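Here is how the chains run, residue by residue.
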Amino acid sequence: MALAIILVLLVVGSVLFHFLSPWYLTPIASNWNYIDDTLTITFIVCGIVFVAINFFMAYCVYRYRYRKDRRAAYEPENKRMEWWLTVFTTVGVIAMLAPGLFVWAKYVEVPDNARLVEAVGQQWKWSYRYPGADGILGTVDIRHMDGRNPFGMNPDDPNGQDDVLVNGPEIHLPLGSPIKMLLRSKDVLHDFYVPQIRAKMDLVPGMITYFWFTPTRAGRYDVLCAELCGTGHYTMRSHMVLEEESAFNAWLATQPTFADTQAVKVASAGGSLAEQGRQVAESQGCIGCHSIDGSPSVGPTWKGLAGRTETLADGSTVVVDDEYLMESISVPNASIVAGYPPIMPPYQLDEGEMAALIAYLNSL
Amino acid sequence: MAMTDVAHDAVDYVRPAEVAEEALYHPKTWLGKYVFSQDAKIIALQYSMTAMAVGLIALLLSVLMRLQLGFPGVFSFITPDAYIQFVTMHGMIMVIYLLTALFLGGFGNYLIPLMVGARDMVFPYVNMVSYWVYLFAVLLLLASFFVPGGPTGSGWTLYPPQTILPGTPGADWGILLMLISLAFFVIGFTMGGLNYVVTVLQARTRGMSLMRLPLTVWGIFMATILALLAFPALLVSAVMMTLDSVLGTSFFMPAIVSMGQTLDYSGGSPVLFQHLFWFFGHPEVYIVALPAFGIVSELISVHARKNIFGYRLMVWAIVVIGGLSFVVWAHHMYVSGMNPYFGFFFATTTLIIAVPTAIKVYNWVLTLWRGNIRLTVPMLFAIAFVFTFINGGLTGIFLGNVIVDIPLSDTYFVVAHFHMVMAVSPVLAVFGAVYHWYPKITGRMLNETLGKFHFWVTFVGLYCIYYPMHYLGILGVPRRYYATGVTDFIPESAQVMNAGISIAAIIVASTQLVFLYNLAVSTTRGKPAGDNPWGATTLEWQTATTPPSHGNFGKELPLVYRWAYDYSVPGAKEDFIPQNVPASGDTGDAR
Ligand code: HEM
Ligand SMILES: [Cu+2]
Ligand SMILES: [Cu+2]
């Protein structure tokens, strides 16, 4: 008896929860309403089955509870009923699969007029590349990647010179036209995920993956990484700004092209200590997470770091001096700057490298 | 009156066994009897206790994860590294080292020989070695908690390249221990698995045709075949990844710039690993599900005092599900970057599996229908299994239907789904099975009051943990996240839910202590059970002694005259007729 009641209550509770709880799909911002529709169909079919079978089970538990003077029925087989149930289930499955595959066919066919945009993932940040005026993305290769060429652009490819490189925290896209997102990873698997777009896809090092969508609703949305990519996985964030074509174009014009980034002369002091430090920072991968131009990133920016007063996670403050810098490099979790995740790995550097790094940090 | 025309598939004469008693190895020492034992029943207990011990560790890890998720930042010892290490070890232990080992090594060893009417497994020595290799694999795995860098934190899926690169905890030592441990697990399992298969095929007693096998044996048998075919894929991927990590080969490693450094790898394919992993990983789901299916069929039939509905179809469903489970693996990879046209194929095969699976569910429920249902503790767990399995099976249709999976993949919807279907359901089946067979194993009943308490808290608690979690996933919260921090689309109320889930998890986890207490205390203080306390038909309840002695059946092996489900046969004196009762003997003097 108690079991029958609890089963009924769980079913009723589940259905009520579905309709009353505040947690459901985020308002959609792309053309993939189809996905939401198939989800709804699936919910309806599965919901009916869920309620029907469980109510029937609760009924049986109650109606056929043990009585000493009763015998259960003896019916080893009932072919007719088994056939009916099989047919009925098959029909239900087709009702869900057919619309699903229909929408999938749209999902895999990228419209010819889709604009190309590339998202590049690395532990643990996003950057973006647009094809520039010629509409063609230049070729890239892991071998070309270094601190001055984080996108690994092929310097000899004329198509790449006008590519717009966004090494910052936002991707902007114009409303209304289909976008083909090309996805490229430098290191491990990631997944470009914006819940409001519905579509998502993994980034796989060694290959270019893609998906497409048409932005339909202006706004600023969280970009997350949905494929486990190490300690800082949960901090791999960015924002997607969907806006009118004109606003988008204005924004794009403010971003540097590949040629621009190469033209800027680094204030290279030859073999100076700070220059050696720059090389250490590059080869150790520090710049994956720390910017040198003040832009926000996974870790605090290095611009103006020396001498700055940082507030730590425990609320205390500290003035950044050489000692603090050294500690932060070799035992990062000893003091965490407020607002940043404790994900930096400890680095074992020799004295020379450390001195060079400190000199470099002081020079920024 | 001859009952032959009433009882399904019962005969009067079966040729007696040619060899009445096999020559078994009889150990002379205590060590040979209880430690290096070759008796499947002792090996079963060794497997079960080891599996439950590591399972407790995995349970503890899940509580730690829930502490972090429910109350982020409160427990400072749970760092982001520690969190994903917990996630990884929890998942791997639960799936492989607990459930696979418990269902096949534990229940398989105990029940197969008894239920098919054999004296022991066919290769008792190999069977013993199998356990010791398993134990070694477990110790290797646990050792990874104590090496520099700790255990691997790459997720139980161990996806390269991150698995062996800095940026993931345990990338040097932890992962190596994990891979080597898995390799040993597979080796140990293969020894046991071949044994189970050969025993079912060759050592059944006279009259025990395949179509008279209890469904429990069918489930374990088919799961073992799946495991024998699927584990090699895991083994080779573990070996290849070890080579990538230690020798610098590039099976799974393309050209990479990791943390600013260009690595020496080039040309490998991370997606190849995923194919290998899921070629193993999907059948793995059924390796833990099929034994649960079988066990639950048994429990429902026995305690509803009614024959299982549609036995033949139940057997075929197990076989078909087993076969199909090898052609659906890439439904775990819809967003992996594989050729998107694969989606059509794998969505179709996946949804086809829904049909035989649904048939199993119908048949369980139809077995209850017009039954005479005793709500014993095993029966409560069996019904709870059906309930949660329906839930988890239905959400599987969401994730199998490729386009619906796209928004849900890698979110908490997935976590909720697979816990319902391959964590909660099989665990409920395990509990049901323990309450059901404990009287045979120890000769004593488990305490029923404690059992009911354990049942209610576990069943309702687990549902409260996982049902709401689906909605976090629909909202878009990604899985394997240490914290969600400030995220615009996640309302603050989600954190309230998370805290609630964590509290439920802690309650459920601590209630398992009651179960352990019951297990321990009832060995000496439980009510004496007698030979056949549930009035069941299958052979394990017809042994000469309880617990069964070495050799299982005393002097003569039982002969089988009928199928395993003669409950409430019209005209019979009792409401069950054991399998070893001839057709004309069912009018009452059976026992
Ligand atoms: C009280 C019981 C349990 C609780 C509270 C629990 C909780 C959790 C939590 C919080 C996660 C991590 C979610 C994330 O961050 O993505 C997780 C992952 C997982 N759990 Fe459980 N779990 C339980 C039982 C089980 C059982 C019995 C199994 C057996 C199959 C299981 C298998 C897994 C797997 C495979 C993962 C995924 C690991 C990964 O993402 O790599 N869990 N569980
Ligand atoms: Cu990532
Ligand atoms: Cu699967």
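None of the values given here were measured: they were computed from a predicted structure.

Right, let's talk about the overall build of chain A for a bit. Broken down by element type, chain A carries eight helices and 12 strands. Taking 2.2 N^0.38 as the reference for a compact globule, 364 residues should give roughly 21 Å; the C-alpha atoms of chain A span a radius of gyration of 28 Å, well beyond that estimate. Dimensions of chain A, computed from the C-alpha atoms along their principal axes, are close to 95 × 50 × 35 Å. Taking all 364 residues of chain A together, the buried fraction comes to 36%. Considering only residue pairs separated by 6 or more positions, chain A has 67% of its internal contacts joining residues 24 or more positions apart.

What follows deals with the overall build of chain B. A tally of helices and strands in chain B yields 14 helices and two strands. Whereas a compact globule of 591 residues would reach a radius of gyration of roughly 25 Å, chain B reaches 24 Å, a difference of no more than 12%. In terms of overall dimensions, chain B has C-alpha extents of about 85 × 50 × 50 Å along its principal axes. The long-range share in chain B, meaning contacts at least 24 apart out of those at least 6 apart in sequence, stands at 81%.

Moving on, we get to helix H7 (residues 270-303) of chain B. Residue and element names in this part refer to chain B. Its 34 residues place the ends of H7 49 Å apart at the C-alpha level, agreeing with the 50 Å of an ideal helix rising 1.5 Å per residue. For H7, the principal kink sits at Trp278 and spans about 30 degrees. The element H7 is extensively covered by neighbouring structure, given that 31 of its 34 residues are classed as buried.

With that out of the way, let us pick up the packing of helix H2 (residues 33-63) of chain A against helix H3 (residues 79-108) of chain A. Residues and elements named next belong to chain A. Packing of H2 against H3 leaves a shortest axis separation of 10 Å and a crossing angle of 170 degrees. Taken together, the axes of H2 and H3 lie roughly antiparallel to each other. Together, Tyr34, Ile35, Thr38, Ile41, Thr42, Val45 and Val49 of H2 and Gly92, Ala95, Met96, Pro99, Gly100, Val103 and Lys106 of H3 make up the contact between the two elements. A breakdown of the residues in the contact of H2 with H3 according to their chemical character gives nine nonpolar, four polar and one charged.

You can read the domains of chain A as domain 1 (2-66 + 76-107), domain 2 (115-260) and domain 3 (265-363). Between the C-alpha centres of domain 1 of chain A and domain 3 of chain A there is a distance of 54 Å.

Another aspect to go through is the confidence of the model for chain B. Residues and elements named next belong to chain B. Of all residues in chain B, 97% attain a pLDDT of 70 or more, and the chain-wide mean is 92. Overall, residues 1-5 carries pLDDT values under 50, and its contacts beyond four positions in sequence, including any with other chains, amount to 13 contacts. Interface confidence for the predicted complex, expressed as ipTM, amounts to 0.92; the pTM equals 0.92.

A word on unusual backbone geometry. Gln123 of chain A connects to Trp124 of chain A through a cis peptide bond whose omega is -5 degrees. When you line up the elements, Trp124 of chain A lands in the loop between strand E1 (115-122) and strand E2 (125-130). A cis amide bond links Pro160 of chain B with the next residue in sequence, Pro161 of chain B, at an omega value of 0 degrees. Its place among the elements puts Pro161 of chain B in the loop between helix H4 (124-143) and helix H5 (173-202). A positive phi is found at Asn552 of chain B, a non-glycine position, where the angle reads about 70 degrees. With respect to the helices and strands, the residue Asn552 of chain B is situated in the segment after helix H14 (493-525). Taking the number of C-beta atoms within 10 Å as the measure of exposure, Asn552 of chain B has 23 and is therefore buried. Positive phi is not limited to glycine here, since Ser568 of chain B has a value of about 55 degrees. For Ser568 of chain B, the position within the fold is in the segment after H14.

By size, the foremost hydrophobic cluster in this structure holds 296 residues, and its most contacted members are Val296, Val365 and Val386 of chain B. Looking at this core, the element that brings in the most residues is helix H3 (residues 80-116) of chain B, giving 25 residues. Beyond its immediate chain neighbours, meaning those up to four positions away, Val386 of chain B contacts Met57 of chain A together with Val296, Val361, Trp364 and Val365 of chain B.

Moving on: the sheet that holds E2 of chain A. Residues and elements named next belong to chain A. Spatial ordering of the open sheet is given by E3-E2-E1-E5-E8, a layout of five strands whose pairing is mixed. The two strands at the open ends of the sheet, each matched to only one other strand, are strand E3 (164-166) and strand E8 (209-213). Here the strands of the sheet are splayed against their neighbours by 25 degrees on average, with no regard to which way each runs.

The next subject is the sheet that holds strand E10 (residues 238-243) of chain A. Residues and elements named next belong to chain A. If you trace the five strands from one edge of the open sheet to the other, you get E4-E10-E9-E6-E7, paired in mixed fashion. Looking at strand neighbours, the two that pair on one side only are strand E4 (170-174) and strand E7 (200-203), the edges of this open sheet. Looking at each pair of strands side by side, their axes are set apart by 25 degrees on average, direction ignored. Here strand E9 (residues 219-225) runs beside E10; their pairing, made up of five bridges, is antiparallel. Within E10, the residue paired with Gly219 across the bridge is Leu242. The sheet strands contacting helix H4 (residues 245-253) are E4 and E10, and the helix crosses E4 at an angle near 140 degrees.

Let us look at the site of ligand 1. Residue and element names in this part refer to chain B. The environment of ligand 1 is made up of 25 residues, and the closest members are Ser62, Gly91, Met94, Ala423 and Arg479. In terms of residues, the shell around ligand 1 owes the most to one element, H3, which gives seven residues. Its residues placed into classes, the shell around ligand 1 shows 15 nonpolar, seven polar and three charged.

Take the packing of helix H7 (residues 322-330) of chain A against helix H8 (residues 351-363) of chain A next. All names here are of chain A. At a closest axis distance of 11 Å, the pairing of H7 and H8 adopts a crossing angle of 120 degrees. Here H7 lies oblique to H8, going by the angle between them. Here H7 and H8 pass one another in a crossing that is right-handed. Across the interface between the two elements, Asp322, Leu325, Met326 and Ile329 of H7 pack against Met354, Leu357, Ile358 and Leu361 of H8. Classifying every residue of the contact of H7 with H8 by side-chain character gives seven nonpolar, no polar and one charged.

The residue Ala52 of chain A is located in helix H2 in this model. Judged by the 11 C-beta atoms lying within 10 Å of it, Ala52 of chain A is exposed.

This brings us to the interface of chain B and chain A. The interface is formed by 100 residues belonging to chain B together with 90 residues belonging to chain A. At 13 residues, helix H9 (residues 342-368) of chain B tops the list of elements feeding residues into the side of chain B that touches chain A. For the side of chain B that touches chain A, the residue count by class is 64 nonpolar, 26 polar and 10 charged.

Another point: the pairing of E10 of chain A. On a regular strand, one side chain projects to one face of the sheet and the next to the other, so that they alternate. Residues and elements named next belong to chain A. Only one face of E10 is covered, namely the face carrying Ser238, Met240 and Leu242; the face carrying His239, Val241 and Glu243 is uncovered. Bridge count for E4 against E10 is five bridges, and the pairing is parallel. Bridge pairing in E10 places Ile171 opposite Met240.

Before going further, it helps to spend a moment on the environment of Asp156 of chain A. All names here are of chain A. Considering the arrangement of structural elements, one finds Asp156 in the loop between E2 and E3. Given 10 C-beta atoms within a 10 Å radius, Asp156 is considered exposed. Distance from Asp156 to Thr139, taken between C-alpha atoms, is 9.2 Å for residues 17 residues apart in sequence.

Moving on, we come to the environment of Thr357 of chain B. Residue and element names in this part refer to chain B. By the secondary structure assignment, Thr357 is in helix H9. Overall, the presence of 22 C-beta atoms within 10 Å leaves Thr357 in the buried class. Taking the C-alpha atoms as reference points, Thr357 and Ala317, separated by 40 residues in sequence, lie 7.0 Å from one another. Sequence-distant contacts of Thr357, that is, excluding residues within four places in its chain, are made with Ile321 and Gly393.

Thresholds, definitions, all that
- Residues numbered from 1 in each chain as written.
- Chains lettered and ligands numbered in written order.
- Predicted model: local features only at pLDDT ≥ 70, side-chain atom pairs only at ≥ 80, totals over all residues.
- Helix = DSSP H or I, 4+ residues; strand = E, 2+ residues; numbered from the N terminus.
- Rg over C-alpha atoms; globule rule 2.2 N^0.38 Å.
- Buried ≥ 20, exposed ≤ 12 C-beta atoms within 10 Å, placed from the backbone.
- Contact = placed C-beta atoms within 7 Å.
- Expected span 1.5 Å × (residues − 1).
- Bend = angle between axes of the 7 residues up to and from the residue.
- Axes fitted to C-alpha atoms, helices over the stretch in contact; angles between N-to-C directions.
- Parallel < 35°, antiparallel > 145°, perpendicular 65-115°, else oblique.
- Nonpolar A, V, L, I, M, F, W, Y, C, P; charged D, E, K, R; others polar.
- Domains from an automatic or database assignment.
- pLDDT = per-residue confidence, 0-100.
- Core = buried A, V, L, I, M, F, W, Y, C linked by C-beta atoms within 7 Å.
- Pairing = 2+ DSSP bridges.
- Near = placed C-beta within 6 Å.
- Left-handed = near helix turned anticlockwise from the far one by under 90°.

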